[in-house]
Amino acid sequence: MGTASCLTRARGLLRIRNQLVRECLAELLSTFILIIITLSSSAQKVTSFETKGNLLTSYFAGALAVMVGIYTAGGISGAHMNPAFSFAMCLMEQFPWWKFPIFMVVQTLASFISAGAVYILYYGMGGQHWVGEPHSSARVARLTDNLCLCSADAIWYYSNGTLTVSGPRETASIFATYPADYVSVANGFLDQVIGTGVLIVGVMGIMDTRNKGVPKGLEPVVVALLVLSIECSMGSNCGCPLNPARDIGPRLFTYLAGWGPEVFRWEKGREQG
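Position numbers for residues start from 1 in each chain and track the written sequence from start to end. In keeping with the model being predicted, local features are shown solely for residues with a pLDDT of at least 70 and side-chain atom pairs are shown and tallied solely at 80 or more, while totals for entire chains, interfaces and linings include all residues. Excluding hydrogens and water, the side-chain values take into account all heavy atoms of the structure.

Undergrad: How do you make sense of the overall build of the chain when you look at a structure like this?
TA: Under the scheme used here, helices are H or I runs from DSSP no shorter than 4 residues and strands are E runs no shorter than 2 residues, and both carry numbers assigned from the N terminus. When its secondary structure is counted, the chain shows ten helices and zero strands. Traced from its N-terminal end to its C-terminal end, the chain shows the element sequence α-α-α-α-α-α-α-α-α-α. Only protein chains enter the calculation, and the probe is 1.4 Å; a residue is then buried if its accessible area is under 20% of its type maximum, exposed if over 50%, and partly exposed in between. Here the chain holds 273 residues, and the buried ones make up 45% of them. In this description, contact between two residues means that some pair of their heavy atoms is separated by no more than 4.5 Å. Pairs at least 24 apart in sequence give 74% of the contacts found in the chain among residues at least 6 apart. Method for areas: the Shrake-Rupley scheme with a 1.4 Å probe, in which residue coverage is limited to the protein chains shown. As displayed, the chain has an accessible area near 14,600 Å², and 66% of this comes from carbon and sulfur atoms.

In structure tokens form, the structure reads like this:
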């Protein structure tokens, strides 16, 4: 009884009663889950030389991350996880305009934190590649690890110890999306307008009670399938971010973490180096 009483009192003290704070924390958590799963799938694919993941697994991870995010915070904040969706909700008068900038900042902050978490997650994972795969930096990685100067990590191992935005061993695309060489600025803009528009219209249709209803509790699953269909059909031009926070938060992190200002530039031939 004493332990139960203490736990009850602790819950009472920790309970957040302010509705806006609750919504912001829920949005922070759901967006964090969305982005950390999405970026981790990309990191696993890239740093394992696509032996432990490929484009399809990244698409599936991103779609399932949306589902988990909605289940996590849908009943508290609505689990927008995307400034574009929050903006659309404001236009539809289903969300107050004064909350829009708050949600946008929270979503971007969560994406930034997620990028940092993914970077930490893949720190110290590089040693698994030392055996069986020739690589110029393997000896250096082992030596520095033995000397305790630094840990070998998957991102640094894959990139030969250089954090770059372009070239065959670039790693910036783990965190943010970059357009293909053939995509112009105008076409890239149109690509994102159409892709994001399809996402918003699809979600609005799923939510509309006047349409053929989705079984209660399965709405997040259907939204995840919608996201997967868009990724599989509109991902080749720009990587299908569909979410300003998903792009700007991790991109800002890469800028501060050592990739430099090139993360904000478009370079033709980025993948060839």
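Undergrad: I tried to follow helix α2 (residues 19-47) on my own but got confused; where do I start?
TA: Side chains of residues three or four places apart in an α-helix project in the same direction, reflecting 3.6 residues per turn. A helix is expected to reach a length of 1.5 Å times the quantity of its residues less one. If you check α2, its first and last C-alpha atoms are 41 Å apart, about what 29 residues at 1.5 Å a residue would give, namely 42 Å. One or two steps after α2, the chain reaches Phe 49, where phi turns positive at roughly 60 degrees.

Undergrad: Would you mind going over unusual backbone geometry with me for this structure?
TA: Negative phi is the rule for most residues except glycine; trans is the rule for most peptide bonds. Despite not being glycine, Met 81 has its phi angle at roughly 60 degrees, a positive value. Note that Met 81 resides in the loop between α3 (55-73) and α4 (83-91). Look at Met 81 and you get buried, because its relative accessible area is 3%. Unusually for a residue other than glycine, Cys 240 sits at a positive phi of about 60 degrees. Relative to the assigned elements, Cys 240 resides in the loop between α9 (219-234) and α10 (244-259).

Undergrad: Mind showing me how you'd approach the UniProt feature "transmembrane region" (unreviewed entry) in the chain here?
TA: UniProt positions are given in the numbering used here, feature names are shortened, and annotations may be inferred rather than shown by experiment. UniProt annotation of "transmembrane region" (unreviewed entry) refers to residues 20-39, 59-79, 100-122 and 189-207 when read in the numbering used here. Taken as a whole, residues 20-39 contains 100% helix and 0% strand, while its terminal C-alpha atoms sit 28 Å from one another. Within the segment residues 100-122, helix and strand shares are 96% and 0% respectively, and the terminal C-alpha atoms sit 33 Å apart.

Undergrad: Could you clarify how one ought to interpret the packing of α2 against helix α5 (residues 100-121) in this entry?
TA: α5 packs onto α2 with a crossing angle of 40 degrees between their chain directions and a minimal axis gap of 7 Å. The angle between α2 and α5 falls in the class oblique. Remark: the crossing between α2 and α5 carries right-handed chirality. In terms of residue class, the contact of α2 with α5 is made up of 18 nonpolar, five polar and two charged. All axes here are fitted lines through C-alpha atoms, helices being fitted over the stretch that makes contact, and every angle between N-to-C directions spans 0 to 180 degrees. Each angle receives one of four descriptions, namely roughly parallel if under 35 degrees, roughly antiparallel if over 145, roughly perpendicular if within 65 to 115, and oblique otherwise. A clockwise turn of the near helix away from the far one marks a right-handed crossing, whereas an anticlockwise turn of less than a right angle marks a left-handed crossing. In this classification, Asp, Glu, Lys and Arg are treated as charged, Ala, Val, Leu, Ile, Met, Phe, Trp, Tyr, Cys and Pro as nonpolar, and every other residue, Gly included, as polar.

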